[in-house]
Amino acid sequence: MSTIDMVPPGNVRMTDHRPTTAQRMQRQQQKALSTNAGDPEKIRRTCQDMESLFLKQLLQEMRKTVPDNGTTGSGGQKKMFSELIDTEFSRKLAEKGFGLAGILEAQLMQRIEVETPAETGE
């Protein structure tokens with residue numbers, strides 16, 4: 001019997017298949033390690049993108065705490081506009097440097113040094 005056969009049909013729910021922020025950050029880290037190992041500038045930009053993703057998630061969670069008074073509209077337009085604003089604002093914050101990108105960059109560079117043995121000139 002497979003795992004799928006064990007799940008009763010009544011308990012199956014439709015879920016959102018978009019990746020979570022943690023999954024997106026993990027993919028960005030893997031991308032930085034695999035394709036950018038030789039280019040510190042690309043690693044810096046990738047870490048900045050990861051910081052931007054984190055900040056966007058933070059902004060979206062903060063927005064959920066603000067009561068909706070109905071003056072800003074409702075429905076899909078408001079959600080789309082809020083998401084666009086959060087995306088752009090998080091990019092700008094990451095460009096200015098919030099601190100997370102620097103920490104990630106240092107960790108990635110350290111990991112690259114450990115995983116990539118130093119080439120010896122003979």
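This text goes with the structure placed above it.
None of these values were measured; they are calculated from a predicted model.

Analysis parameters
- Residues numbered from 1 in each chain as written.
- Predicted model: local features only at pLDDT ≥ 70, side-chain atom pairs only at ≥ 80, totals over all residues.
- Heavy atoms only, no water.
- Helix = DSSP H or I, 4+ residues; strand = E, 2+ residues; numbered from the N terminus.
- Buried < 20%, exposed > 50% of the residue type's maximum accessible area, 1.4 Å probe, protein only.
- Contact = heavy atoms within 4.5 Å.
- Areas by Shrake-Rupley, 256 points an atom, 1.4 Å probe, with all protein chains shown as cover.
- Expected span 1.5 Å × (residues − 1).
- Arc of directions from axis to C-beta.
- Core = buried A, V, L, I, M, F, W, Y, C linked by side-chain atoms within 4.5 Å.

Caption draft 1: Representation of the overall build of the protein chain. Summing up its helical and strand segments, the protein chain has 5 helices and 0 strands in all. In the protein chain, the order of α-helices and β-strands from amino to carboxyl end is α-α-α-α-α. The proportion of buried residues among the 122 residues of the protein chain is 21%. In the protein chain, the proportion of contacts linking residues at least 24 apart, taken out of those at least 6 apart, comes to 76%. By element, 57% of the accessible surface of the protein chain is carried by carbon and sulfur atoms, the whole surface being about 9700 Å².

Caption draft 2: Helix H4 (residues 76-96), seen in detail. With 21 residues, H4 extends 30 Å between its outermost C-alpha atoms, agreeing within 8% with the 30 Å of an ideal straight helix rising 1.5 Å per residue. Those residues of H4 not exposed but buried are Ser82, Asp86, Thr87, Ser90 and Ala94. On an axial view of H4, the arc spanned by its buried residues comes to 135°, and they lie on one face. Turned more than 90 degrees off the buried face of H4, the exposed positions are Gln77, Met80, Phe81, Leu84, Glu95 and Lys96. If you follow the buried residues of H4, they end up packed against helix H3 (40-64). The positive-phi residue at the C-terminal boundary of H4 is Gly97, with phi of around 95°.

Caption draft 3: Just the nonpolar core, in detail. Listed in full, the 9 residues of the largest apolar core are Met25, Ile43, Cys47, Met50, Leu53, Ala101, Leu104, Leu108 and Ile112. Those elements giving two or more residues to this core turn out to be H3 and helix H5 (100-115). Beyond its immediate sequence surroundings of up to four residues, Cys47 is in contact with Ala101, Leu104, Glu105 and Leu108.

Caption draft 4: Up close: H3. With 25 residues, H3 extends 37 Å from end C-alpha to end C-alpha; this agrees with the ideal 36 Å at 1.5 Å per step. Regarding H3, the residues found buried are Ile43, Thr46, Cys47, Gln48, Met50, Glu51, Ser52, Leu53, Leu55, Lys56 and Leu59.

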